[in-house]
Amino acid sequence: MASCRERRRDTDSSLLLDVEEEDRDMDTKDEDHIEPQVEAMTPKPGNIGPKMQNSSTRRNAALNILFCRRFWSLLKVIFPKLISPTFLMFCTLLAVCLLEQVVIYQTGLIPSQFVKILAAENPQKSEFMTRLWLSLIIIGLNSTLKSLDGYVSSLMYVKWRRLICHRLHQKYFQDTVYYQLNVLQENMDNPDQRISQDVERFCKQFSLMIAVIIISPFTIGYYTYQCYISTGWQGPVSIFVYFVTGTIINKFIMSPIVSLLVRQEKLEGDFRFKHMQIRVNAESAAFYRACQVELMKTNFRLHSLLDTQTRLINREFWLNFAVNMFDYVGSILSYIVIAIPILSGAYSHMAPNEISSLVSKNAFVSIYLIGCFSGLIDLSTKLTDLAGYTHRIGELLESLEKTEKGTMEDLTNQSTDPGGDDSCENTSLYSNESTQSNKAFQLESVTLTPPSLQNRVLIRDLTLEIEAGRNLLIVGNTGSGKSSLLRVLRGLWPTLGGSVERISPLGPQGVMFIPQKPYLTDGSLREQIIYPLKDKYPGQVSPDDEIIMQNVERLELMSVFDRAKGLDGGTEWINWYDVLSPGEMQRLSFARLFFHQPQFAVLDEATSAVSMETEELLYTICKDMGMTVISVGHRTSLRKFHDVELKLDGHGGWKLEAIR
Ligand SMILES: Nc1ncnc2c1ncn2[C@@H]1O[C@H](COP(=O)(O)OP(=O)(O)OP(=O)(O)O)[C@@H](O)[C@H]1O
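As a convention, each chain's residues are numbered from 1 in the sequence order in which they are written. At least 70 in pLDDT is required for a residue's local features to be given in this predicted model, at least 80 for side-chain atom pairs to be given and counted, and no such filter applies to totals for whole chains, interfaces and linings, which use all residues. Only hydrogens and water are removed before side-chain values are computed, so all heavy atoms of the structure are retained for them.

S.K.: Got a minute to help me understand the overall build of the protein in this structure?
M.R.: Helix numbers and strand numbers start at the N terminus; a helix is a DSSP run of H or I with at least 4 residues, a strand a run of E with at least 2. When you go through the protein residue by residue, the secondary structure sums to 21 helices and 9 strands. The contacts of the protein with a sequence gap of at least 6 include a subset with a gap of at least 24, amounting to 79%. To measure how exposed things are, a 1.4 Å probe is used in the Shrake-Rupley method; for residues, cover is taken only from the protein chains shown. Roughly 33,400 Å² of accessible area belongs to the protein as shown, and the carbon and sulfur atoms make up 60% of that amount. The contact rule is simple, with two residues in contact once any of their heavy atoms fall within 4.5 Å.

S.K.: How should the sheet that holds strand E1 (residues 439-448) be read in this particular structure?
M.R.: By definition, the strands of a sheet pair up through backbone hydrogen bonds, in either a parallel or an antiparallel sense. Strand pairing is assigned whenever DSSP detects at least two bridges linking the two strands. The strand order E2-E1-E4 describes an open sheet built from 3 strands, whose pairing is antiparallel. Looking at the sheet topology across the chains shown, the edges are occupied by strand E2 (459-467) and strand E4 (497-502). Across the sheet, the mean angle from the axis of one strand to that of its neighbour is 10 degrees, orientation sign disregarded. Sheet topology note: the E1/E4 ladder contains 5 bridges and is antiparallel. By the bridge assignment, glutamine 442 is partnered in E4 with glutamate 501. Taken strand by strand, helix H15 (residues 482-490) contacts E1, E2 and E4, and its axis lies near 120 degrees from that of E1. Orientation is described by axes fitted as lines to C-alpha atoms, over the contacting stretch for helices, and by angles from 0 to 180 degrees between their N-to-C directions.

S.K.: I tried to follow the packing of aromatic side chains on my own but got confused; where do I start?
M.R.: Two descriptors summarise a pair of aromatic rings, namely the distance from one centre to the other and the angle between the planes of the rings. Side-chain rings of Phe, Tyr and Trp (the six-membered ring for Trp) are treated as a pair once their centres are within 6.5 Å; stacked means planes under 30 degrees apart, edge-to-face means over 60, and tilted covers the remaining angles. Scanning all chains against the criterion turns up 22 aromatic pairs. Ring geometry for tryptophan 160 versus phenylalanine 206: centroids 4.9 Å apart, planes at 25 degrees, classification stacked. Of this pair, tryptophan 160 sits in helix H6 (residues 125-172) while phenylalanine 206 sits in helix H8 (residues 191-231), and the two are 46 residues apart along the sequence. The exposure classification of tryptophan 160 matches that of phenylalanine 206, with both residues buried. With 6.0 Å between their ring centres and 35 degrees between their planes, phenylalanine 202 and phenylalanine 206 make a pair best called tilted. Here the residue phenylalanine 202 and the residue phenylalanine 206 both occupy positions in helix H8, the gap between them amounting to 4 residues, near one helical turn. Aromatic ring contacts, followed pair by pair, group Phe67, Phe71, Phe79, Phe87, Phe90, Trp160, Phe202 and Phe206 into a single cluster. The cationic tip of lysine 251 hangs over the ring face of phenylalanine 252; the distance from NZ or CZ to the ring centre is 6.0 Å. Residue burial is assigned from relative accessible area. The probe radius is 1.4 Å, only protein chains are included, and a residue is buried under 20% of its type maximum, exposed over 50%, and partly exposed in between. Here, a charge over a ring is recorded when the distance from Lys NZ or Arg CZ to the ring centre is within 6 Å and its angle to the ring normal is within 35 degrees.

S.K.: Can you walk me through the site of the ligand in this structure?
M.R.: Close to the ligand lie 18 residues; Arg456, Thr478, Lys482, Ser483 and Ser484 are nearest. By the criterion applied in these results, polar contacts are pairs of N or O atoms within 3.5 Å in which, for protein atoms, one can donate a hydrogen and the other can accept it, and in which residues neighboring in sequence qualify only through two side-chain atoms. With respect to the ligand, the side chain of serine 484 contributes an N or O atom lying 2.5 Å from an oxygen atom. In this structure, an oxygen atom belonging to the ligand sits 3.4 Å away from a side-chain N or O atom of glutamate 605. When the ligand is considered free in solution it has 630 Å² of accessible area, and contact with the protein chains removes 77% of it. At 4 residues, the largest contribution of residues to the shell around the ligand is made by H15. When grouped by side-chain class, the residues that make up the shell around the ligand number 5 nonpolar, 9 polar and 4 charged. Proximity criterion: a residue is near a molecule or strand once any of its heavy atoms comes within 4 Å of it. Residues were grouped as follows: Ala, Val, Leu, Ile, Met, Phe, Trp, Tyr, Cys and Pro as nonpolar; Asp, Glu, Lys and Arg as charged; and all remaining residues, including Gly, as polar.

Dropping the structure here:
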């Protein structure tokens, strides 16, 4: 057991070290001068602490090995197996594109075939009609293949998006990974935006590029051969040298664009978050008449974003310039190639009409080959976007994997933690096995600090046993570490020292937490009450309705019931935070608690917004249901519902004494 605890501490500190190292890595000489002002004013989206700039990531965001590695890991997500739907779609697309090339070539011949028939000495009507029908068939085939190519690419886009989002969701919603990422890891900006927006854009760009990418090796191979036949080795070699030179030049122009794009996406997320913050807290802000300051702060975000976008556009100007130069110089390259021997007198023995036919023959195949390369070079702007999104999604994936690994190791090490498998499945929340125990937690010499402030000890060497039938009240000044202790009990925060043994399972059957800020999910009133269960009795009248309604009535939630149009309500979206008062939210949290009736209830200032009479009622029901409560609170009225008091001084000191 001791070694398990030791290992857990090691994992915890390695997680902290990782965060510190990332922070140290940050570039203080950041190129953007606006961002620090904005950062100083606004908290990190989804975070409590001041936002750290993720400049080390931006510095690495380029067309480099890291990009290849991240792109490869995304390819493995979107093409999971050789015989998978996406791979079959890919093969279909390849077949369609190849056929399309043949048909395009035939379509290109149509005008000259008409000219040939009409310019003949004796034009034949039947010949013309046959050609007309054939041309219409070719054109119809061409249009079908072109539409099919777009259709298959779009289907692949949807499939890829589903695969990447599922992979990210699977990791994000693993145990407490989403908490770690949003609250504790300051180097990860806007994970929500990465999942919702960046994945979408990555899939869109890649689906637009894929047809050109997969067809290029075939067309380049074919026209290289044709070019070699008609011009000898000089033609293809000079075109390849030209292409390689163009690619190298573009690579240098593109790399800074990728890092700017990554930055722009981050600022885009911050800007959206600012609006989200106003949307969620509209009422509180309105009470402060905060329109001016919020206008200023939101405009700061906007300007910061627009400045970066302008810089991006400036950089893209040079990329577009290079791409256009490459395209147009490419169109005369074949003449430059043939001009060298002509101007140096190598063909001086040839007649002018011989030279003319040689030039047009060489130019024809060379232009096709150059066209294939130009098509690839034209993808440069899309490639920079793709690289930017690849870095952002890849970075999130790495972070999720690292956090998930840390959490899984933690769970493995906590061999005595019966609630360790914090699966999202209802079945594990409500297993048939009786896992009740007389004890909920056993703490041995626990030392606790906020995650990023190891020198600020909130609690030192706390030894505590939380057992059934002994209600515990945790008190102390604000900021003294009361909620932090609950975070440690839940396993959200690591400890600096000591061990935490979770004996009863975490979850509605064993220990249930009612946090300080009530969490109300999207969905009906029933879904709020049975949370964290999803849908216990889908599509049928639940035998629990009577229990639910009994609690709704005794918690005076009938007005909420009416507004929600019953337990299963209307179909329209309700933002519960907008329509409930803080007291109603707290009573709804208790309706949830009384529905699940866990053995232990951990209540973090869960009655702070209700009257003393209601508080008394709520604690009496808890007692009647046989629940053991662990409460955090400031009101002295709470003492009479508890047997023991743990008093924290906020500087490491604590005192545990019985309540008379
Ligand atoms: N994610 C975090 N990262 C760093 N510090 C944090 C974090 N969350 C809380 N803290 C800090 O830890 C300290 C203890 O916070 P905690 O929430 O435990 O206080 P509390 O005793 O519950 O206070 P209150 O009575 O006001 O709820 C506070 O100084 C707080 O600012």
